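The primary structure of each chain is shown beneath.
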Amino acid sequence: MNHAMSANNFSDLHQVSDRLSRKFTRNVSERLIEALLFAAAAVSVLTTVGIVYVLVSESYHFFQHVSIVDFLTDNQWTPLFDDAHYGIMVLVSGTVVSSGVALLVAIPMGTVIAIYLSEFANPKVRESAKPILELLGGIPTIVFGYFALLIVTPVLQKIFPELPGFSLLSAGLVMGIMIVPYISSLSEDAMRAVPMSMREGSYAMGATKLHTALHVVVPAAVSGLAASYILGISRAVGETMILAVAAGMQPNLTWNPMEPAATITSYIVQVALGDLPHGSIGYQTIFAAGLTLLLITLAFNIAGQWLRRRFREAY
Amino acid sequence: MQALTTEQIRALIARGKMKDTIFQALGIICLAIGLLVIFLLVGDMLQRGMERLNLDFFTSFASRKAAQSGILSAWVGSILVMFVTALAAVPLGVAAGIYLEEYAKRNWVTDIIEINITNLAAVPSIVYGLLSLGIFVYALGLGQSILSAGLTLALLILPIVIVSTREAIRAIPAMIREGSMAVGATRWQTCRYHIIPYAMPGILTGVIIGLARAIGETAPIITIGALTFIAFLPPVPFTGEPPAGLFDWVMSPFTVMPIQIFNWTSRPDPAFEVNAAAAGFVLMVMVLSMNALAIWLRYKMRKNIKW
């Protein structure tokens, strides 16, 4: 051992300086790697900047042809006709009605499932139910569109014989089923985060499971529930393919779910399927529609974050 | 207030218990509806599409005649687009996740990135299509190619990959990092030899879930202007007109499974519904098996790792 050390003594000096220089390159490469990793993280910010830039710049060109007042108040949407009208409310009405139907299904169902899984089900049921919900949430929306058009619509037509082949109702119902997993999983997480001691206190006072769930756990988890509903709303508003397949694509200013109508998203799909030249006003309408969509979801997101802060219960 | 008699109290308890039971039944019914929808969907598509589910369906192109149509260009397109998506989203997402967990200081830049990722996850997928139409297709001139589609979907699933990477990294206890640093490893060496390998199963789960989502996405790809009728395959590397290269196929026009299904469901002729059902079944098998793989991986991982 000693022998080897003294034999190496001579080269020790070399090795020290060698190590110093290696430390230098090592520092440089560490910095370089950190910069690369940062660049990767910054891509997400660039994506947002890109989205805002594209939507705003194309919409800017659009709004040089069409006044914002007309855009918001006109009650016709015929951008590709000779007599062109650009009333976005026509598309917004389709979006609002279909989302409303979807939420009427998704919020009660999602909340019941969440309460059941978090407060009633034994761990075995919970562990096997979660993957099922996850699979449901993973089904491609185009397949849900097929489901709405070819399975749900015929069934609904037996109940309501006057229902047309395309309707906001059938698309909305299926959309609701699609959103259930998003709401149930987030709500369940929120309710499971409520400390056990609160439930125990309630049980000790003689409350039943249901009473504890509805009057202790749900109020304590209300900010999480609200956040999950908001996520459900943005999913519904942004959903495209179910509506493009099952709700028809003709613009129709209506509040009746039994009618076919276009939504903001299905209009974009319809235009993209056609062959509009880049830079034409028809091409720019889809960006104006997209900007409207983004602003709606953004408004809900901000509301959600505000709700979460406002009603957060800290334990 | 008058004291309740024993009978009254018993009745009260019985009522409470009954409400519990009713609610429990309601919960089970709601779950059963979800399960029923999955079975109904898969069952209906299988039953309706059965007659078309043979080898010819996978080896022929779309055609004007329903009975001769197949999904060759669609499944090849889907796989190629997924390949580009994975190639772009995995390195970017994992690197961003590592940066945020292991490197980022707590300052406003980090805050912006984090808020941004949360918000991006809530942006409707069709908006990504518009982004890509403006940037990739026209500004960068990539056209309506496999590359444009792959990059669009990569941006779409980036938040999923980043979040799952972060969760996987966060589950690794601090002592692993301390041990590594204590023997003189740099930050990157710690990541390279300890953090990334231990986080791998978690990252993989997130990547599979992200890709399963991407393979079923229709709206953004329609938005960039993908064609619905493609009766040819992208060029095989090093074939075609010289100078033929390894990556010629990325610039090729394409179609994918969901677009093919959309095309068939939107035709008035019911003969195409059969094709849509068969193609939908194939897509469901692809997506469900990817999801099942991810769920199994997660389950396995939870069992194996004990810090």
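Residues numbered from 1 in each chain as written. Chains lettered and ligands numbered in written order. Predicted model: local features only at pLDDT ≥ 70, side-chain atom pairs only at ≥ 80, totals over all residues.

A. Layout of the overall build of chain A. Each helix and strand counted, chain A has twelve helices and zero strands in total. Helices and strands appear in chain A in the N-to-C order α-α-α-α-α-α-α-α-α-α-α-α. In summary, chain A has a C-alpha radius of gyration of 28 Å against a globular reference of 20 Å for 315 residues, an excess of more than 25%. With the principal axes as the frame, chain A shows a C-alpha extent of 100 × 70 × 40 Å. Partitioning the contacts of chain A with sequence separation of at least 6, the portion at a separation of at least 24 is 74%. (Helix = DSSP H or I, 4+ residues; strand = E, 2+ residues; numbered from the N terminus. Rg over C-alpha atoms; globule rule 2.2 N^0.38 Å. Contact = placed C-beta atoms within 7 Å.)

B. Summary view of the domain arrangement of chain A. Each assigned domain of chain A is listed here: domain 1 (2–65) and domain 2 (89–310). The straight-line distance from the C-alpha centre of domain 1 of chain A to that of domain 2 of chain A is 42 Å. (Domains from an automatic or database assignment.)

C. Structural detail: the packing of helix H3 (residues 89–120) of chain A against helix H9 (residues 222–238) of chain A. All names here are of chain A. The geometry of H3 relative to H9 is characterised by a closest axis approach of 9 Å and an angle of 145 degrees between their N-to-C directions. Handedness of the crossing formed by H3 with H9: right-handed. The residues of H9 that touch H3, namely those facing Thr95, Ser99, Ala102, Leu103, Ala106, Ile107 and Gly110, are Tyr229, Gly232, Ile233, Ala236 and Val237. Split into classes, the residues belonging to the contact of H3 with H9 amount to eight nonpolar, four polar and no charged. (Axes fitted to C-alpha atoms, helices over the stretch in contact; angles between N-to-C directions. Left-handed = near helix turned anticlockwise from the far one by under 90°. Nonpolar A, V, L, I, M, F, W, Y, C, P; charged D, E, K, R; others polar.)

D. Focus on the domain arrangement of chain B. Residues and elements named next belong to chain B. Partitioning chain B into structural domains gives domain 1 (6–50) and domain 2 (55–304). Centre-to-centre, using C-alpha coordinates, domain 1 lies 36 Å away from domain 2. Listed by partner, the interface residues are five residues for domain 1 and seven residues for domain 2. In terms of residue class, the side of domain 1 that touches domain 2 is built from three nonpolar, one polar and one charged.

E. Representation of the interface of chain B and chain A within the structure. Contact with chain B, which involves 68 residues of that partner, is made by 69 residues of chain A. No other element matches the 17 residues that helix H1 (residues 6–49) of chain B contributes to the side of chain B that touches chain A. Considered class by class, the residues forming the side of chain B that touches chain A number 44 nonpolar, 17 polar and seven charged.

F. Looking closely at the confidence of the model for chain B. Residues and elements named next belong to chain B. Per-residue confidence for chain B gives a mean pLDDT of 87; residues scoring 70 or more make up 94%. Per-residue pLDDT, averaged within each element of chain B, yields its smallest value for helix H2 (residues 55–59) (80) and its largest for helix H6 (residues 146–170) (93). Taken together, the chains of this predicted complex give a pTM of 0.87 and an interface ipTM of 0.87. (pLDDT = per-residue confidence, 0-100.)

G. Just the nonpolar core, in detail. Judged by nonpolar contacts, the single largest core of 191 residues is most densely connected at A:Ala148, A:Val174, A:Ile242, B:Ile157, B:Leu211 and B:Ala279. In terms of residue count, helix H3 (residues 72–103) of chain B provides more of this core than any other element does, 17 residues in total. The residues touching B:Ala279, leaving out its near neighbours within four places in the chain, are B:Ile71, B:Ala74, B:Met257, B:Gln260, B:Ile261 and B:Trp264. (Core = buried A, V, L, I, M, F, W, Y, C linked by C-beta atoms within 7 Å. Buried ≥ 20, exposed ≤ 12 C-beta atoms within 10 Å, placed from the backbone.)

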